[in-house]
Amino acid sequence: MGCDFSGLRNRFAKAYKQRAIDIQTKMLLSYAPQELQRAYENRSFKNRTYNLADSYVWVVYYCGEVQGSGFMWAGSKAQSNSIYEGKSIDGRQLADDFINSYQSNISSGWELVLAAAAPYAYNLESGEGRSRRFYVISSVFDEITSDFRGKATVTFTIDKS
């Protein structure tokens, strides 16, 4: 008497793979807010209005789909908007807009994004128009790179848009 276990093997392999995906996703969902908090704690700018801090956001994607996202705090901390280049800046709204507009180009695997969505974060981080640069998000780059120890591609981009 013979038995064909090929269908059983595929079913277990699929369940095992999904379990591994779920575990990795859960780990990244735990890791992301901790790193965002660490970036904020290591910032080198003063936070007068809290709009820049309100614009801090994290998002975890799997195969291009949002798996989770969050902010520095549960609610907005800024009491009023900032003014930048004549425009009113609501940091929390910009963070929400980022989550809704950013498109992951990762079709296989995970992408973890940490961002400061306020437009002046670019000027502070790049030093453009200033005599010095400030840490906004970049302070955690080396730590994240070390944490993943070559098992992931870690990039830092200063985007002016």
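Residues numbered from 1 in each chain as written. Predicted model: local features only at pLDDT ≥ 70, side-chain atom pairs only at ≥ 80, totals over all residues. Heavy atoms only, no water.

Peer 1: Got a minute to help me understand the pattern of salt bridges in this structure?
Peer 2: Where side chains of opposite charge bring their charged atoms close, a pairing between them can arise. Under the defined criterion, the tally for this structure stands at three salt bridges. For Arg 38, the salt bridge goes to Glu 143, with nearest N and O atoms at 3.3 Å. In this pair, Arg 38 sits in helix H1 (residues 6-41) while Glu 143 sits in helix H5 (residues 141-148), placing the two residues 105 residues apart along the sequence. Residue class for Glu 143 comes out partly exposed when judged on its relative accessible area of 28%. Here Arg 38 ties to Asp 147 by a salt bridge, and the two come within 3.6 Å at their closest N and O atoms. (Salt bridge = Lys/Arg side-chain N within 4 Å of Asp/Glu carboxyl O. Helix = DSSP H or I, 4+ residues; strand = E, 2+ residues; numbered from the N terminus. Buried < 20%, exposed > 50% of the residue type's maximum accessible area, 1.4 Å probe, protein only.)

Peer 1: Mind showing me how you'd approach the sheet that holds strand S2 (residues 65-71) here?
Peer 2: Taken together, three strands build an open sheet; the order of strands is S2-S1-S5 and the sheet is antiparallel. Either end of the sheet is taken by a strand with one partner, and the two such strands are S2 and strand S5 (110-116). The average angle at which neighbouring strand axes cross in this sheet is 15°, direction not considered. Those strands touched by helix H3 (residues 91-101) are strand S1 (56-62), S2 and S5, and its axis lies near 15° from that of S1. (Pairing = 2+ DSSP bridges. Axes fitted to C-alpha atoms, helices over the stretch in contact; angles between N-to-C directions. Contact = heavy atoms within 4.5 Å.)

Peer 1: Please clarify how the environment of Ala 20 should be interpreted in this entry.
Peer 2: Take Ala 20: it is sitting in helix H1. By relative accessible area, which is 39% here, Ala 20 ends up partly exposed. Remark: the alpha-carbon pair of Ala 20 and Ala 39, spanning 19 residues in sequence, is separated by 28 Å.

Peer 1: Is there a simple way to explain the packing of aromatic side chains in this structure?
Peer 2: The full count for this structure, using the stated rule, is eight aromatic pairs. Taking the centre distance of 6.1 Å and the plane angle of 70° together, the rings of Tyr 50 and Trp 73 count as edge-to-face. Of this pair, Tyr 50 sits in the loop between H1 and helix H2 (51-54) while Trp 73 sits in the loop between S2 and strand S3 (82-84), placing them 23 residues apart in sequence. Ring-pair connections join several aromatic residues into one group, and the members of that group are Tyr 40, Tyr 50, Tyr 56 and Trp 73. The ring centre of Tyr 40 lies 4.0 Å from the NZ or CZ of Arg 43, which sits over that ring. Against the face of Phe 45 rests Arg 43, its NZ or CZ located 5.8 Å from the ring centre. (Phe/Tyr/Trp six-rings, centres within 6.5 Å; stacked < 30°, edge-to-face > 60°. Lys NZ or Arg CZ within 6 Å of the ring centre and 35° of its normal.)

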